[in-house]
Amino acid sequence: MRKDVRILLVGEPKVGKTSLIMSLVSEEFPNVVPYRAEEITIPADVTPERVPTHIVDYSEAEQTDEQLFQEISKANVICIVYSVNNKKSIEKVTSHWIPLITENTDKDSRVPLILVGNKSDLVEHSSMETILPIMNQYSEIETCVECSAKNLKNISELFYYAQKAVLHPTGPLYCPEKKDMKSHCVNALTRIFKVSDLDNDGILNDNELNFFQRTCFNTPLEPQALEDVKNVVRKNLIDGVSNNGLTLKGFLFLHTLFIQRGRHETTWTVLRRFGYDDDLELNQDYLFPPLKIPPDCTTELNHNAYLFLQSVFDKHDKDRDCALSPEELKDLFDVFPYMPWGPDVNNTVCTNDQGWITYQGYLSQWTLTTYLDVQRCLEYLGYLGYSIIAEQESQAAGITVTRDKKIDLQKKQTQRGVFRCNVFGDIGSGKSGFLQAFLGKNLTHQKTINEEHRSYYAISTTYVYGQEKYLLLHEVFPDYDYLSDADLACDIVCLVYDVSNPYSFEYCAKVFKQYFMDSKVPCMMIAAKSDLPEVKQSYGCSPLEFCRRHKMPPPQSFTCNTAAAPSRDIYTKLTTMAMYPHARLRCMCTCNRCTFCLCQNFLNSELLQTVRAKLYAVVLRRHVSQADLKSSTFWLRASVGATVFVVLGFAMYRALLKTR
């Protein structure tokens, strides 16, 4: 909505321009009329539309042509005043004033015109027969008002229509020649219908209509009023109502009816509520609400945003297979001005056997967009109508800005749900395979991927200690001399080398020493293509020795050349290290030889499980009376038992460590 309205009155001398302004202000006809009235500002609380209004007069005797041209360029609406008893002043409307205004305004944004027939008190006939052909000839003419400054007839109405022509213009909505809405208006209302159709059945039922009414006009429709509306559509349109609900055709017919009956403010209220500006484009303030993101903070979707996106998915997953077919995906993005997801998305998130994006992949892609480009995410949520359907102030209400990563490190805990892993490696080391394996694609499946549809990102969920987290893998272009800040900003670094290539590890070692040796970012070495024969790396030390020197976990063997989907254990380890960078995990292997593995095997052994079960049954499940709880002997025995168990466990750990 505009902040103010500027009305300019032009016309031939002595047609009553100044008298109209003075009669409006003083509510009486002035005895003495000056050549020109000073600019008048009417406060917002006085006007019907609650918008400040500036009324500007023009006098040929006091102003130059240059001053007139400047006023025309500044005006939001122009009232061309003529005298109903002066044919020459009517002829000047088309021969002089409309061409003059057209020459001094932008062709792409025509200023609405109001024809004002003054001095109606001096004649008994109407000038409308003469004016109607002019109105039909010039589409920029909004309306014509006959009035009288002397007896105050239609003075208030004149300026109300002028204000309305600016705030609720007919031009962008309706084509008088075709007697139908313009294509831009139809497209905007079609999007609004689809956003409001919450179950995607092509019909607005009573609940959806009431929600729409409450959203746009802050009041629900009475049941009888709702039936009356549908009856009007039924009488005029065969397929306007179906299954007692309003179809898209019926919805568009209603708005056409509103406009034809001069109630286009109703349509404008709906359009503006759904984010449209005067040119029927989605407003930039609507698509990109302010969102402050401090340095070292990331952006994630919050719970309400995920619930909304889940509802959008369910709305379009018509066959209920928990995946979006190409047709379903196209239908989902039909409310967008363009297709936001390209074919590379199918290689960025999880898909089913048919290559369709699954429910998990759908949420993952939204998570990726929010993390990498939150402004794009706000725009997408705006197209889907998040702020309206979720009843939030703006899309920014669906975004969580995480706290500074330094604070997470200080407190040794994090509430973040998305962790970024940058994957480094030489050409041919297996980085792309590592990313695609995270999406469950083995080597055979990866060979079918079109190179043009290749993605440098992969995102999916992992579980760390029962918590679902998103791990975002980013393949970094192999050029360690020109790594940008974005290439280095991550939660964990993954260094991939090919075990069958003797020169592959050298690149990983150089990248680590140059960029990450002194940083606090945890790093992990991946020995890729482990199904191939391992060769000695032509570097000063072996990968295992390199990791020991720099206090890194030993290289993790990995291959995507498997019959089934590759193992996801390595990705869980990466997420764990990203979540707890302060915790130096001494062992990340499953070698069954080191102390860590021996202790893990012992803790999981059948013998220890049996002893633990018996202790649990004897100590915890036995009946303990109130007398036992108050007895010091009972608590002494419990303490001694716990101490013995701890000492034995520690002694066993030391023995195993000494053996190693």
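Please refer to the structure higher up on the page.
(A) Representation of the environment of glycine 16 within the structure. Tracing the sequence through the fold places glycine 16 in the loop between strand E1 (5-11) and helix H1 (17-26). Among the residues examined, glycine 16 registers a relative accessible area of 13% and is labelled buried. Residues glycine 16 and glycine 117, spaced 101 residues apart in sequence, show a C-alpha to C-alpha distance of 9.6 Å. Ignoring sequence-local partners within four residues, the contact set of glycine 16 consists of Asn118 and Lys119.

(B) Spotlight on unusual backbone geometry. In this structure, asparagine 218 takes a positive phi of about 60° despite not being glycine. The backbone of asparagine 244 shows a phi angle near 60°, a positive value even though the residue is not glycine. What makes asparagine 244 partly exposed here is its relative accessible area of 38%.

(C) Just the packing of aromatic side chains, in detail. Under the criterion given, the structure shown has 29 aromatic pairs. Measuring from centroid to centroid gives 5.6 Å for phenylalanine 193 and phenylalanine 251, while their planes differ by 55°, and the two rings are tilted. On the criterion of sequence distance, the pair formed by phenylalanine 193 in helix H6 (residues 183-196) and phenylalanine 251 in helix H9 (residues 248-260) is long-range, its members being 58 residues apart. Residue class for phenylalanine 251 comes out buried when judged on its relative accessible area of 3%. Grouped by ring-pair contacts, the aromatic residues Phe313, Phe333, Phe336, Tyr338, Trp341, Tyr359, Tyr362, Trp366, Tyr380 and Tyr383 constitute a single cluster.

(D) Examining the side chain of threonine 559 more closely. Of note, threonine 559 is situated in the loop between strand E21 (556-557) and helix H23 (569-579). Within the structure, the side chain of threonine 559 is placed 3.1 Å from the backbone nitrogen of asparagine 561, a separation counted as a polar contact. Among residues more than four places away in sequence, those in contact with threonine 559 are Ser530, Asp531 and Pro566.

(E) Highlighting the pattern of salt bridges. Counted under the stated rule, the structure contains 20 salt bridges. When the shortest N-O distance is used, the salt bridge between glutamate 506 and lysine 510 registers 3.4 Å. Within this pair, glutamate 506 and its partner lysine 510 are both found in helix H21 (residues 504-516), separated by four residues, close to a single helical turn. The class for glutamate 506 is partly exposed, based on a relative accessible area of 28%. Three or more residues joined by partner-sharing salt bridges are found here, namely Arg403, Lys405, Asp408, Arg416 and Asp491.

(F) Examining the nonpolar core more closely. Ranked by size, the top nonpolar core spans 71 residues in total, and within it Tyr362 and Trp366 carry the most contacts. When near neighbours in sequence (up to four residues on either side) are disregarded, tryptophan 366 contacts Leu301, Leu309, Trp341, Cys377, Tyr380, Leu381 and Leu384.

(G) Representation of helix H15 (residues 374-384) in the model. With nine of eleven residues buried, H15 lies mostly within the body of the structure. Those residues of H15 that sit buried are Val374, Cys377, Leu378, Glu379, Tyr380, Leu381, Gly382, Tyr383 and Leu384. Directly after H15, the chain includes glycine 385, whose backbone phi takes a positive value near 80°.

(H) Spotlight on the packing of helix H14 (residues 359-372) against H15. With their axes 5 Å apart at the nearest point, H14 and H15 run at an angle of 130° to one another. Here H15 runs oblique to H14, going by the angle between their axes. Contact residues: H14 offers Trp366, Thr369, Thr370 and Leu372, while H15 offers Val374, Arg376, Cys377, Tyr380, Leu381 and Leu384. Its residues placed into classes, the contact of H14 with H15 shows seven nonpolar, two polar and one charged.

The rules behind these values
Residues numbered from 1 in each chain as written. Predicted model: local features only at pLDDT ≥ 70, side-chain atom pairs only at ≥ 80, totals over all residues. Heavy atoms only, no water. Helix = DSSP H or I, 4+ residues; strand = E, 2+ residues; numbered from the N terminus. Buried < 20%, exposed > 50% of the residue type's maximum accessible area, 1.4 Å probe, protein only. Contact = heavy atoms within 4.5 Å. Phe/Tyr/Trp six-rings, centres within 6.5 Å; stacked < 30°, edge-to-face > 60°. Polar contact = N/O pair within 3.5 Å; in protein donor to acceptor, adjacent residues only side chain to side chain. Salt bridge = Lys/Arg side-chain N within 4 Å of Asp/Glu carboxyl O. Core = buried A, V, L, I, M, F, W, Y, C linked by side-chain atoms within 4.5 Å. Axes fitted to C-alpha atoms, helices over the stretch in contact; angles between N-to-C directions. Parallel < 35°, antiparallel > 145°, perpendicular 65-115°, else oblique. Nonpolar A, V, L, I, M, F, W, Y, C, P; charged D, E, K, R; others polar.

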